[in-house]
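Listed here are the chains, written in short residue letters.
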Amino acid sequence: MDGIGDVAVGVKRGSDELLSSSLYNSGSDMSSISDGTSNGSDSKKLRVEDRMEAPPSRVLHIRKLPNETSETEVIALGLPFGKVTNILTLKGKNQAFLELGTEEAAITMVNYYSTVTPHVRNVPVFIQYSNHKELKTDAGNQRAQAVLQAVSAVQGGGTPTSGSDLALTAASSPVLRIIIDNMFYPVTLDVLQQIFSKFGTVMKIITFTKNNQFQALLQFNDPSTAQQAKIALDGQNIYNSCCTLRIDYSKLVNLNVKYNNDKSRDYTRPELPAGDGQPAMDPNMAAAFQGKDSNSLLGALSPLNAAAAAAAAAGRVALSGHSGSSGVLLASNLNEEMVTPQSLFTLFGVYGDTQRVKILYNKKDSALIQMADASQAQLAMSHLNGQKMYGKVIRVALSKHTSVQLPRDGLDDQGLTKDFTNSPLHRFKKPGSKNFQNIFPPSTTLHLSNIPTDVTEEDLRLLFSNAGGTVNAFKFFQDHKMALLQMSTVEEAIQGLIDLHNYNMGDNHHLRVSFSKSSI
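Quick notes on the rules
Residues numbered from 1 in each chain as written. Predicted model: local features only at pLDDT ≥ 70, side-chain atom pairs only at ≥ 80, totals over all residues. Heavy atoms only, no water. Helix = DSSP H or I, 4+ residues; strand = E, 2+ residues; numbered from the N terminus. Buried < 20%, exposed > 50% of the residue type's maximum accessible area, 1.4 Å probe, protein only. Contact = heavy atoms within 4.5 Å. Phe/Tyr/Trp six-rings, centres within 6.5 Å; stacked < 30°, edge-to-face > 60°. Lys NZ or Arg CZ within 6 Å of the ring centre and 35° of its normal. Pairing = 2+ DSSP bridges. Axes fitted to C-alpha atoms, helices over the stretch in contact; angles between N-to-C directions. Core = buried A, V, L, I, M, F, W, Y, C linked by side-chain atoms within 4.5 Å. Domains from an automatic or database assignment. Parallel < 35°, antiparallel > 145°, perpendicular 65-115°, else oblique. Left-handed = near helix turned anticlockwise from the far one by under 90°. pLDDT = per-residue confidence, 0-100.

**A closer look at the overall build of the protein**
The helix and strand tally for the protein stands at 14 helices and 23 strands. For the protein, buried positions account for 51% of its 520 residues. For the protein, long-range pairs separated by at least 24 residues make up 71% of all intrachain contacts whose partners lie at least 6 apart in sequence.

Okay, here's the thing in structure tokens:
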């Protein structure tokens, strides 16, 4: 474990000291610090928010924090992305500086929060790179010191030191008890697994209803991981303004799971039976949705909405909302020598029905991608931003465009724009399709289906090897119509999916390829 000694703790200092301090020099974040209020004038606000192109730094500047935001809440923003090494809070200005252990962790954090708005106490906050490469602060604030020491201990796998009065005492159990308050939308076992696995290996989950509340017991592989997840997630909303997580340590130290189904799961024992086939939705919620006045509900999330929310919640923040009606995405930093409308259609089609794709004529490393609706766009963005395609890390963000325009009749745009509206390859056309339940982030493991009976393991290994990459493992399902195939990297798996989804295996058997959450 890294020693506590390398953790410096920031304290709020007087404005005169701030101005003369080596922490701030001309051209730094003073444009937002020196305006004297948390809001500032409109012109200053615009100037700061437009200045998003500061070079990457492991120090991040966080603005528009709610009043009385604690150090714990600020640190929780950075916890899922790596070690937090320093914090400086400017409470009178509703701002903070957060220093992460590495620049790579800070870049990952900024990239994530550029697509999913971070919230503290249900209030959107703004995160950008600071012009400072490190924080130089005093170490006199005992409260912040206790918080950072506890977090440092958790991240290093040790035990927090005494002296913290912030419920950061050492966890004796790897099992968390989770209660969902204000549960307007169903929360499934898989949603919980996606959220909590951001912090470490989830081994077992049991869900149940007690006192008319949806609850769960979730077991990590060690107590320190459970503690880190509790620090970051307790009090957070899974969806906007609802489904609030209330988390405590369980007195149990090990869960006994008998069945793998929608109510319980032991990820260490995939061979367990499904039992009596329990319903996917809590009975109370199911009854509510079947009630006489369904319009009185806020509206059940469609499976794609729920999956998008879960993908965002995996980053420990609520979705910035399905408020926008546009389903158009802007993908940038594409490999312009390799990318085609068809390849983008196939990749983005894993997360929704891609309607149109337009590679920009004057900027061929960028493309507009129109999904069927805003929730599909959110889902694709959550999963694909930051992934590697054709050797380049692609960026995916919501576009201001509301639709992708087709070229005028008679105008040759060199095949840069394609209309896929009536494509037979859409995965989500059928309501209630099982495809809704099998949406996973890009991974090294691919799920193959619709395999002809005469196709062998060697045939499929050769097929995917020729697509570029190394096949590390392969496993047929019992009927040989489906299989799992594991590539050596996620990029190779993405390449294999793009090249071989809908590949004709003969006798009109078109191979279906998707990402799997399983490993071989």
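So that's the structure; there's more coming.
**A closer look at the packing of aromatic side chains**
Going through the model one piece at a time under the given rule, you end up with three aromatic pairs. Consider the rings of F345 and F420, whose centres lie 4.2 Å apart with planes at 10°: the pair is stacked. Of the two residues, F345 sits in helix α11 (residues 341-348) while F420 sits in the loop between β19 (417-419) and β20 (445-449), which places them 75 residues apart along the sequence. Side by side, F345 and F420 carry an identical accessibility label, which is buried. Ring centres of F474 and F476 lie 4.9 Å apart, and the angle between their planes is 85°; on these two criteria the pair is classed as edge-to-face. Each member of the pair F474 and F476 is classed as buried. The residue whose ring lies beneath K230 is Y249, and the NZ or CZ to ring-centre distance is 5.6 Å. Positioned over the ring face of Y361 is K364, at 4.6 Å from the centre of the ring.

**Some thoughts on the sheet that holds strand β23 (residues 512-515)**
Across the sheet, four strands lie side by side as β21-β22-β20-β23; this open sheet has antiparallel pairing. Either end of the sheet is taken by a strand with one partner, and the two such strands are β21 (471-476) and β23. Across the sheet, the mean angle separating the axes of adjacent strands is 20° when strand polarity is ignored. Pairing of β20 with β23 involves four bridges; the strand directions are antiparallel. Each bridged residue has a counterpart across the sheet, and for S449 the counterpart in β23 is R512. Relative to β21, helix α13 (residues 457-466) is tilted by about 145°, and along the sheet it contacts β20, β21, β22 (483-487) and β23.

**Observations concerning unusual backbone geometry**
A positive phi is found at D507, a non-glycine position, where the angle reads about 55°. Tracing the backbone through its elements, the reader meets D507 in the loop between α14 (490-500) and β23. Taking relative accessible area as the criterion, D507 reaches 73% and is therefore assigned exposed.

**Here we look at the nonpolar core**
Counting residues in each nonpolar core, the largest one holds 56 residues, and the members touching the most others are I180 and F196. Counting the residues that make up this core, at least three belong to each of domain 1 (57-134) and domain 2 (173-264). Counting residues in each nonpolar core, the second largest holds 51 residues, with V339, M381, I394 and L463 among its members.

**Focus: the pairing of strand β15 (residues 367-370)**
Regular strands place side chains that alternate from one sheet face to the opposite one. Covered by surrounding structure in β15 are A367 and I369 together with L368 and Q370, the residues of both alternating faces. Note: strand β13 (residues 328-332) against β15, four bridges, orientation antiparallel. Across the sheet, the residue bridging to V328 is Q370, located in β15. Taken together, the four bridges between strand β14 (residues 356-359) and β15 define a ladder with antiparallel strand orientation. Residue pairing for β15: I359 is matched across the bridge by A367.

**Structural notes on the packing of α11 against α14**
Relative to each other, α11 and α14 sit at 110°, their axes nearing to 9 Å. Of the possible angle classes, the one that applies to α11 and α14 is roughly perpendicular. Handedness of the α11/α14 crossing: right-handed. Touching S343, T346 and L347 of α11 are I494, L497 and I498, all from α14.

**Regarding the side chain of N111**
Summarising the element assignment, N111 is placed in helix α5 (residues 103-115). Overall, the relative accessible area of 18% leaves N111 in the buried class. Excluding residues within four positions of it along the chain, N111 makes contact with N385 and R395.

**Thoughts on the sheet that holds strand β11 (residues 242-249)**
Strand order in the open sheet formed by six strands is β10-β11-β7-β9-β8-β12, with antiparallel pairing between adjacent strands. Lying at the two open borders of the sheet, with one neighbouring strand each, are β10 (237-239) and β12 (264-266). Taking the axes of each pair of neighbouring strands and ignoring which way they run, one obtains an average angle of 25° across the sheet. In the sheet, strand β8 (residues 202-210) pairs with strand β9 (residues 213-220) via eight bridges, with the strands oriented antiparallel. When the bridges of β9 are listed, I206 appears paired with L217. The strands that helix α7 (residues 189-196) touches are β7 (175-181), β8, β9, β10, β11 and β12; relative to β8, the one it contacts most, it runs at about 135°. Most of the contacts of helix α8 (residues 223-233) go to β11, to which it runs at about 145°, and overall it touches β7, β9 and β11.

**A look at the confidence of the model for the protein**
Across the protein, pLDDT averages 75, with 71% of residues at or above 70. No element of the protein has a lower mean pLDDT than helix α1 (residues 15-20), which averages 31, and none a higher one than α11, which averages 97. The model gives residues 1-52 a pLDDT under 50, and that stretch makes 104 contacts with residues more than four places away or in other chains. Note that pLDDT drops below 50 for residues 277-325; the model gives that stretch 108 contacts with residues more than four away or on any other chain.

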